[in-house]
Amino acid sequence: MKASALETRTTRQAHWIWMILLGCPAAVLLGSYVLLALHHGVWNVFPVVVHENGRYTLTETIFYFRHFVRELPVNTLIAMALGMLAGLHSPLEQGSSAQSGKACRHAGLAALLMAATAITITWVQYDRNEAWTELAQYRTRDELADFGSHWRYHLLHIVDSFLFCMGMLLVSRGLTNAGGLNRRALGWLSVLGVAFVVITLGFGSPLRALTDPLYLAHQAREIETHRLLTLCPALACLLLLDLRLAASSWLPVVNWRMIWQGVAWIVLATLIPLWIVWRLREVNIGSLAQRQTGLWQLAAAHHFEHLLDSVYVTLLSAWAYLSLMRRRTSANSP
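Procedures and definitions
- Residues numbered from 1 in each chain as written.
- Predicted model: local features only at pLDDT ≥ 70, side-chain atom pairs only at ≥ 80, totals over all residues.
- Heavy atoms only, no water.
- Helix = DSSP H or I, 4+ residues; strand = E, 2+ residues; numbered from the N terminus.
- Buried < 20%, exposed > 50% of the residue type's maximum accessible area, 1.4 Å probe, protein only.
- Areas by Shrake-Rupley, 256 points an atom, 1.4 Å probe, with all protein chains shown as cover.
- Patch = residues over 30% accessible without salt bridge, like charges linked within 9 Å, V, L, I, M, F, W, Y side chains within 5 Å.
- Salt bridge = Lys/Arg side-chain N within 4 Å of Asp/Glu carboxyl O.
- pLDDT = per-residue confidence, 0-100.
- Contact = heavy atoms within 4.5 Å.
- Axes fitted to C-alpha atoms, helices over the stretch in contact; angles between N-to-C directions.
- Left-handed = near helix turned anticlockwise from the far one by under 90°.
- Nonpolar A, V, L, I, M, F, W, Y, C, P; charged D, E, K, R; others polar.
- Core = buried A, V, L, I, M, F, W, Y, C linked by side-chain atoms within 4.5 Å.

When you look at the overall build of the protein in this model, what are you seeing that I'm missing?
In terms of regular secondary structure, the protein is built from 13 helices and zero strands. The order of α-helices and β-strands along the protein, N terminus first, is α-α-α-α-α-α-α-α-α-α-α-α-α. Of all 334 residues assigned to the protein, the portion counted as buried reaches 51%. Total accessible area on the protein stands at roughly 15700 Å², and carbon and sulfur atoms take up 67% of it.

Now the structure itself:
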C-alpha cells in the first residue's frame, strides 16, 4: 500500500475515533436532558430544580462554581496525568513548534482563567474562608465539613481515570499514530504518582474510600460521569491536536500489540466499578442520596454538574501535553 493511501486510511480511522469520543458524551447529555424533561413534565428544564440537594436549578447545577472549586485539586491531578500519558507515545516530535506553542499558551491561559474565575466567584459569593475550605477538600456537600473528605470520595475515581486513560490512549495510538517511549513523560508520571500518594496520606483515612458504602456509591457515580463526560472529550481534544500538528507521522500498519495492551488497561480499570457494584450489592443506594429520587434522575443531573470540569480537564490536559512535547522537540533539535 502506498504511503498516501496509508495516511488517508489512518486519518479516516483517527476521525472515526475522534467522532466517537465526542459523540458519546453528546448523546449522554442529550439523553440526560430528555430524561429530566420527561421526569419534570417540562421541556425547558433550565429553571427547574434538579440537583440532588433540592436547591439548585439545572442552570445553577451547570454553573455550580463552589463545586467546581471543590473539584479543582482532583481535576488538576487527573488533567496533568492525562497530558503526561498522552506524551508517552506521541507523534508530535516533528510537530510545528509555532503552532503547538500558540495552542499551548491558549489552553493554559484558558484553564487558569477558569480556575481563577471560579475561586473569585466563590470568594465573593460566600467569603475567603469558604473558598479555601473548598480547595482544602473539606466539603462533599455544601453543609458538611470534614478535612480531606472530598479527596477520599474521589480516591478510586482518580485511580480509574489513570488506568482508563492509559488504555484508551494505547488503543488510539495503536490504531492511528504513535511515537517511541518518551522517558520525560514517564518521569513526570512518577512525580504525579508520588504526589497522589502523599496527598492521599495527608488527608488521612484512605481506607474509608474502600469500605464506607456512601464513599463507594459516590465514587461509582464519579467514575461513570467522568469517563463519559470528562475523559472522552479530553481524549478527543488530544487526538485532534495530533491530527492538526503531526499529520506527517503515521503508522504504516495497525499496532495490534499496543491495542491489546490498551484493552488490558481498560479491563483493569473496569474492575474497579465492578468491584464497587459487588460491594454495594446489598445496599439501598437511593437511601444514601441527599434527596430521595430515582437513580436515573440523580445520574442525569450529576452529568450536568460536571460540565465545567470537562472543559477544565480538556484545556489543562492539552496544555500539559503540548508543554511536554514542546520541550521534547526542543531537546531533540540540533
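So, next bit.
Can you help me understand a nonpolar patch on the surface in this one?
Taken together, Trp256, Trp260, Val263, Val267, Leu268, Leu271 and Leu274 make up a surface patch of nonpolar side chains, about 730 Å² in accessible area. As for its placement among the helices and strands, leucine 274 is situated in helix 11 (residues 256-279).

What's the story with the confidence of the model for the protein in this structure? I'm lost.
For residues with low pLDDT, the predicted coordinates do not support detailed interpretation. Of all residues in the protein, 87% attain a pLDDT of 70 or more, and the chain-wide mean is 88. When the criterion is pLDDT under 50, residues 329-334 qualifies, and its contacts beyond four places in sequence or with other chains add up to four contacts.

What's the story with the packing of helix 7 (residues 155-175) against helix 10 (residues 213-245) in this structure? I'm lost.
The relative placement of two packed helices is expressed as an angle between their axes plus a distance between the axes. Relative to each other, helix 7 and helix 10 sit at 30 degrees, their axes nearing to 9 Å. As helix 7 packs across helix 10, the resulting crossing turns out to be right-handed. Along the contact surface, helix 7 presents Leu155, Leu156, His157, Asp160, Ser161, Phe164, Cys165, Met168, Leu169 and Arg173, while helix 10 presents Leu216, Gln219, Glu222, Ile223, His226, Arg227, Leu231, Leu235 and Asp242. Taken together, the residues of the contact of helix 7 with helix 10 break down into 10 nonpolar, four polar and five charged.

Please clarify how the nonpolar core should be interpreted in this entry.
Nonpolar side chains in soluble globular proteins tend to end up buried together. Of all hydrophobic cores here, the largest spans 73 residues; its most connected members are Trp151, Tyr312 and Tyr321. Put simply, the parts of the chain that give this core at least two residues each are helix 1 (3-40), helix 3 (65-86), helix 4 (97-125), helix 7, helix 8 (183-203), helix 10, helix 11 and helix 13 (307-332). Counting residues per element, this core draws most heavily on helix 10, at 14 residues. Other than its neighbours up to four places away in sequence, tryptophan 151 contacts Pro73, Val74, Leu77, Gln137, Ile158, Phe196, Ile199, Thr200 and Phe203. Leu36, Ala37, Val48 and Ala301 belong to the second-largest nonpolar core, a separate cluster that totals 11 residues.

Just checking my understanding: could you explain the environment of glycine 204 for this structure?
Within the fold, glycine 204 resides in the loop between helix 8 and helix 9 (208-211). With 53 residues separating them along the chain, glycine 204 and tryptophan 151 place their C-alpha atoms 9.6 Å apart.

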